[in-house]
Amino acid sequence: AACGLNVRVPERFMVWAVLALSVAPIGEPGLLKRDASPFARYLLLIVFGSLYLSTGLMKSLEEPHWWDGTALAYDLVDRWHAGGSLAVFLSGQPLLVWGASVYTLVFEVGFVFAILWPRWSKWVLLLGAGMHLGIGLLMDIGPLGAMVLSFYPVLLNPEEGRRLWRSLVSRLPARFGG
């Protein structure tokens, strides 16, 4: 018999992410100008770190063909989530597929460690955005990539987030609040 808890990855991810955000400071005035409780961010870092680390370790230890790129090459043409002619073309490029495969493994396993250094957080998230945008371009995996990317701003180190926000707002025309 099927268990009600046996849901797909996007649903599991959303449950954990919504639980983490449920303890976020919402509606407090001046949140961009002062520190608020980091508890929700810490919970999301744990969710992302554990998901990436477990996925990367599973691929590394139980699917050795990720290290030579053949697992990714197969996934690019798999009938359930192949993404089209570009994915088929890239699956036949061993050096590119190997590079993307190793990039994926190193990112997934290294994320939990690298995101903890404030100076690295924006670069780690940029690498993750590149990975998820690439997956979204090449494979049909549903909404997971968009959902993950929508939570990335929360993972940004708060000081970096404020600096980025100020930079973006200062470039807006005056009629939009800049």
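This text follows the structure it describes.
Note that the coordinates shown come from a computational prediction; the quantities given were computed from them, not determined experimentally. (Residues numbered from 1 in each chain as written. Predicted model: local features only at pLDDT ≥ 70, side-chain atom pairs only at ≥ 80, totals over all residues. Heavy atoms only, no water.)

Chemist: Would you take a moment to explain the pattern of salt bridges for this structure?
Modeler: One side chain can pair with another of opposite charge once the charged atoms of both are near each other. As enumerated under the stated definition, the model contains four salt bridges in all. Between Glu160 and Arg163 there is a salt bridge, with its nearest N and O atoms 2.8 Å apart. Pair noted here: Glu160 and Arg163 are both in helix α9 (residues 158-170), with a separation of three residues, about one helical turn. We classify Glu160 as buried; its relative accessible area is 15%. (Salt bridge = Lys/Arg side-chain N within 4 Å of Asp/Glu carboxyl O. Helix = DSSP H or I, 4+ residues; strand = E, 2+ residues; numbered from the N terminus. Buried < 20%, exposed > 50% of the residue type's maximum accessible area, 1.4 Å probe, protein only.)

Chemist: Explanation requested: the packing of aromatic side chains in the structure shown.
Modeler: Counted according to the given criterion, the structure contains nine aromatic pairs. Ring centres of Phe48 and Tyr52 lie 6.0 Å apart, and the angle between their planes is 50°; this geometry places the pair in the tilted category. Here the residue Phe48 and the residue Tyr52 both occupy positions in helix α2 (residues 39-62), the gap between them amounting to four residues, near one helical turn. With respect to burial, Phe48 and Tyr52 carry one shared label: buried. Summarising the aromatic geometry, the rings of Trp117 and Trp120 are spaced 5.4 Å apart at their centres and angled 40° between planes, so their arrangement reads as tilted. Geometry around Trp66 places Lys59 over its ring, the cationic atom sitting 4.3 Å from the centre. (Phe/Tyr/Trp six-rings, centres within 6.5 Å; stacked < 30°, edge-to-face > 60°. Lys NZ or Arg CZ within 6 Å of the ring centre and 35° of its normal.)

Chemist: Looking at this model, I keep getting lost on the environment of Ser85. Mind explaining?
Modeler: Within the element layout of this structure, Ser85 appears in helix α5 (residues 85-91). It is 8.8 Å that separates the C-alpha atoms of Ser85 and Leu138, two residues lying 53 residues apart in sequence.

Chemist: Quick question: what am I supposed to make of the side chain of Ser101 here?
Modeler: When you line up the elements, Ser101 lands in helix α6 (residues 94-114). Setting aside anything within four residues of it in sequence, one finds Ser101 in contact with Trp66, Gly69 and Leu72. (Contact = heavy atoms within 4.5 Å.)

Chemist: It is not clear to me how helix α7 (residues 121-138) should be interpreted in this structure. Could you clarify?
Modeler: Within an α-helix, residues lying three or four positions from one another point in the same direction, as the helix has 3.6 residues per turn. When the terminal C-alpha atoms of α7 are compared, their 26 Å separation across 18 residues agrees well with the 26 Å that a helix rising 1.5 Å per residue should span. Of the residues making up α7, those classed as buried are Ser121, Val124, Leu125, Gly128, Ala129, Met131, His132 and Leu138. In this fold, the buried residues of α7 make contact with α2, α4 (70-77), α5, α6 and α8 (144-155). (Expected span 1.5 Å × (residues − 1).)

Chemist: What exactly am I supposed to notice about α2 here?
Modeler: The end-to-end C-alpha separation of α2 is 33 Å, in line with the 34 Å expected for 24 residues at 1.5 Å each. Turning to α2, its buried residues number three or more, namely Ala40, Arg41, Leu44, Leu45, Val47, Phe48, Gly49, Tyr52, Gly56, Lys59 and Ser60.

Chemist: When you look at a nonpolar patch on the surface in this model, what are you seeing that I'm missing?
Modeler: Together, Phe113, Leu116, Trp117 and Trp120 make up a nonpolar patch on the protein surface, roughly 500 Å² of accessible area in all. Relative to the helices and strands, Phe113 resides in helix α6. (Patch = residues over 30% accessible without salt bridge, like charges linked within 9 Å, V, L, I, M, F, W, Y side chains within 5 Å. Areas by Shrake-Rupley, 256 points an atom, 1.4 Å probe, with all protein chains shown as cover.)

Chemist: It is not clear to me how the nonpolar core should be interpreted in this structure. Could you clarify?
Modeler: General note: in soluble globular proteins, nonpolar side chains tend to be found buried as a group. Phe13, Phe48, Tyr52, Phe111, Tyr152 and Leu155 are the most contacted members of the largest nonpolar core, which totals 22 residues. Put simply, the parts of the chain that give this core at least two residues each are α1 (9-21), α2, α6, α7 and α8. Here this core takes six residues from α8, the largest share from any one element. Apart from residues lying up to four places away in sequence, Phe111 is in contact with Phe48, Gly49, Tyr52, Val106, Val124, Leu125 and Leu155. Membership of the second largest hydrophobic core comes to eleven residues, among which are Ala71, Leu72, Ala73 and Leu105. (Core = buried A, V, L, I, M, F, W, Y, C linked by side-chain atoms within 4.5 Å.)

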